[in-house]
There are 2 protein chains.
Amino acid sequence: MSGIQRLSLNQITTRGWTLAEAARGCADAGIPAIGLWRDKVAEAGGAARAAELVRDAGLVVSSLCRGGFFTAPLGSRARTAALDDNRSAIEEAAVLGTDTLVLVCGGLPEGSRDLPAARERVRDALAELAPFAGAHGVRLAVEPLHPMFCADRAVVSTLGQVLDLAEEFPVEQVGVVVDSYHVWWDPELYAQIARAGARIAAYQVCDWTLPLPADALLGRGHVGDGVIDFPPLSRAVAAAGYTGWIEVELFNQDVWDAPGERTLREVIERHLKHIAVS
Amino acid sequence: MSGIQRLSLNQITTRGWTLAEAARGCADAGIPAIGLWRDKVAEAGGAARAAELVRDAGLVVSSLCRGGFFTAPLGSRARTAALDDNRSAIEEAAVLGTDTLVLVCGGLPEGSRDLPAARERVRDALAELAPFAGAHGVRLAVEPLHPMFCADRAVVSTLGQVLDLAEEFPVEQVGVVVDSYHVWWDPELYAQIARAGARIAAYQVCDWTLPLPADALLGRGHVGDGVIDFPPLSRAVAAAGYTGWIEVELFNQDVWDAPGERTLREVIERHLKHIAVS
């Protein structure tokens, strides 16, 4: 459909659907791509079977969510397990035919207040994983998360901070995610998007709505329902050279409770109104 | 009492107390200073009477909370009212004998998504108010608020951003607040504290605790209950040259429900354990 050639559904948006249902839903709605989650891929029978389901629906996989969570202390069992798990995620992404593995880096380890050390371990993990990712044709897409998640989900909070990390590695191995929800407030946002250029591995959208819900994770609204000014943001991402997928990723209980077909109609309508016009 | 010479109680911490009760509570506990709120000052009979109550208790006023909220459109009635109200706040601070008026700048105006414009109006308001403040011996202490409050409370979110604004004005007219809760996550924090130097007008402390409560405003814990690493933060603020009050400011329903005397004992204990050691 005209105007949604670059639209992708991140499947968390239709959380109640299986991978097969989400793929069929996208195909029926004319959405050409889908961002997958590892738990849904596993549920579907693994990466090869999931790849087949997506291909049979005529879609492509825009990204895989997610690796990361590698801030456990060096030498700990938790860290070894995290790195092993990330290698599996890279292999799954390759089988799924996407070059983009989204990474949520992880918060402070239990009982720790040492933010600089946790950030250093993110760097170490990237150094360990980047060549492996590159060898699989997969790029690690590091996502800065909103600072309200700094303690428990991601010790990297701004695009500038993530670029400082990413730029230590080849551009085809480590990129960054621009997610409107996480970065919209940043006074440095436009400068850092311009700086990011070819490092932009994914552009994810959803809106910042008020009030924040009791579970701050679930406050993301449909594009247009909140305060984020999408046209200039989308133009900046385009001006930086990004021509890839625009993924709609909604964590929102009301959206999850709605029928998937209705959610997809809403997603398309908002995309045409607020994003495709940019 | 040794070790609490620089401790101040921001009176929101004992929200159930009147100004007179808070002043007496501090005096009894040996806390030498108090940060006042305008609604409590009004309740006490106005600035002159409040000044008397504080003086009679043998305390000094460390700051007045708060002015700001001046992002309404230029030329609007709301903006005129906000500027008038800020001038009143400056006059009250002078009567109270504090040189520090804390400013919370305000969020996006209702229905607006134009963050750059709202930020520009913060700058305009500072330009209008700074000389008036200076003439009253009061410094505007601009507080960056955590980015989760960007939409509804403060369109300025980082110390660097606030310093960019503050540096356009004389240092005795416009300073910045370093509040641990709002800035602890910032990857630029230590560099910006060093840059701030004599611009630091206030150092406020409380901790970031998890999970965030349903009302995100009320998530602040006693120093030591959360993830903020206070010794290096306090050392950085000291190294920047700040020798002023260290104000404990807790927005927390459990703390508000506790007897004030117990809260003050806790505040002192935490100060001695986590702050005074730095």
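Please refer to the structure placed before this passage.
What you are looking at is a predicted structure, and each value in this text was computed from that prediction instead of being measured.

Colleague: For the overall build of chain A, give the residues involved together with the corresponding values.
Modeller: Across its full length, chain A carries eleven helices and ten strands. The dimensions of chain A, computed from C-alpha atoms along their principal axes, are 50 × 40 × 35 Å. The 278 residues of chain A split such that 61% are buried. When contacts within chain A are restricted to residue pairs at least 6 apart in sequence, those whose partners lie at least 24 apart make up 80%. Just so you have it, chain A exposes about 10300 Å², and 50% of that area is on carbon and sulfur atoms. Across chain A, the mean location of the 25 positive side-chain charges is 0 Å away from that of the 36 negative side-chain charges.

Colleague: Explain the environment of A:Ile275 residue by residue, including any values.
Modeller: All names here are of chain A. Note that Ile 275 resides in helix α11 (residues 260-275). C-alpha separation for the pair Ile 275 and Pro 73, spaced 202 residues apart in sequence, amounts to 41 Å. Ignoring anything within four residues of it in the chain, the contact list for Ile 275 reads Val 205, Val 223, Phe 230, Ser 234, Ile 246 and Arg 270.

Colleague: Run through the side chain of A:His222, naming residues and quoting values.
Modeller: Here A:His222 shows up in the loop between β9 (220-221) and α9 (230-239). Sequence-distant contacts of A:His222, that is, excluding residues within four places in its chain, are made with A:Asp207, A:Leu250, A:Val255, A:Thr263, A:Glu266, A:Val267 and A:Arg270.

Colleague: Requested: an account of the interface of chain B and chain A, with residues and values cited.
Modeller: Listed per partner, the contact involves 28 residues of chain B and 28 residues of chain A. Buried area between chain B and chain A, both sides added, is near 2300 Å², and the carbon and sulfur share of it is 65%. Between chain B and chain A we count zero salt bridges in total. Linking chain B with chain A are six residue pairs in polar contact (both at pLDDT 80 or more). Among the residues making up the side of chain B that touches chain A, the classes are represented as 17 nonpolar, six polar and five charged.

Colleague: I'd love a proper account of the pairing of strand β6 (residues 174-179) of chain A, names of residues and values included.
Modeller: Residue and element names in this part refer to chain A. Extensive coverage of β6 is indicated by the burial of six of its six residues. The two faces of β6 match: Val 174, Val 176 and Val 178 on one face and Gly 175, Val 177 and Asp 179 on the other face are all buried. Here strand β5 (residues 139-142) runs beside β6; their pairing, made up of three bridges, is parallel. Paired with Ala 141 across the bridge in β6 is Gly 175. For the segment spanning β5, helix α6 (residues 159-166) and β6, crossover handedness is right-handed. Pairing between β6 and strand β7 (residues 200-205): four bridges, direction parallel.

Colleague: Give me the packing of aromatic side chains: which residues, what numbers.
Modeller: All names here are of chain A. A complete count under the given rule lists nine aromatic pairs over all chains for this structure. A centroid spacing of 5.8 Å and a plane angle of 45° characterise the contact between Trp 184 and Trp 208, whose relative ring orientation is tilted. One end of the pair, Trp 184, is in the loop between α7 (180-183) and α8 (189-196); the other, Trp 208, is in strand β8 (residues 207-208), with 24 residues separating them in the sequence. One exposure class covers both Trp 184 and Trp 208, and it is buried. Pairing Phe 251 with Trp 256 gives two aromatic rings, centres 6.1 Å apart and planes at 55°, and the pair type is tilted. Neither residue differs from the other here; Phe 251 and Trp 256 are each classed as buried. Taken together, the ring pairs in this structure connect Trp 37, Phe 251 and Trp 256 into an aromatic cluster. Over the face of the ring belonging to Trp 256 we find Arg 15, whose NZ or CZ atom lies 4.4 Å from the ring centre.

Colleague: Any chance you could break down the relation of the copies chain B and chain A for me, citing the residues and the numbers?
Modeller: Aligned on chain A, chain B shows an RMSD of 0.0 Å; the corresponding rotation is 180° and the shift along the axis is 0.0 Å. Both copies are brought into coincidence by an operation consistent with a two-fold rotation axis. The C-alpha atom lying nearest the rotation axis in chain B is that of B:Ala214; the distance is 1.9 Å. The fraction of interface residues of chain B whose copies in chain A are also interface residues reaches 100%, indicating that both copies meet through the same surface.

The rules we used
Residues numbered from 1 in each chain as written. Chains lettered and ligands numbered in written order. Predicted model: local features only at pLDDT ≥ 70, side-chain atom pairs only at ≥ 80, totals over all residues. Heavy atoms only, no water. Helix = DSSP H or I, 4+ residues; strand = E, 2+ residues; numbered from the N terminus. Buried < 20%, exposed > 50% of the residue type's maximum accessible area, 1.4 Å probe, protein only. Contact = heavy atoms within 4.5 Å. Areas by Shrake-Rupley, 256 points an atom, 1.4 Å probe, with all protein chains shown as cover. Lys, Arg positive; Asp, Glu negative; His and termini not counted. Charge placed at Lys NZ, Arg CZ, Asp CG, Glu CD. Buried area = accessible area lost by both parts, 1.4 Å probe. Salt bridge = Lys/Arg side-chain N within 4 Å of Asp/Glu carboxyl O. Polar contact = N/O pair within 3.5 Å; in protein donor to acceptor, adjacent residues only side chain to side chain. Nonpolar A, V, L, I, M, F, W, Y, C, P; charged D, E, K, R; others polar. Pairing = 2+ DSSP bridges. Right-handed = clockwise from strand over helix to strand, strands pointing away. Phe/Tyr/Trp six-rings, centres within 6.5 Å; stacked < 30°, edge-to-face > 60°. Lys NZ or Arg CZ within 6 Å of the ring centre and 35° of its normal. Least-squares fit on C-alpha atoms with pLDDT ≥ 70 in both.

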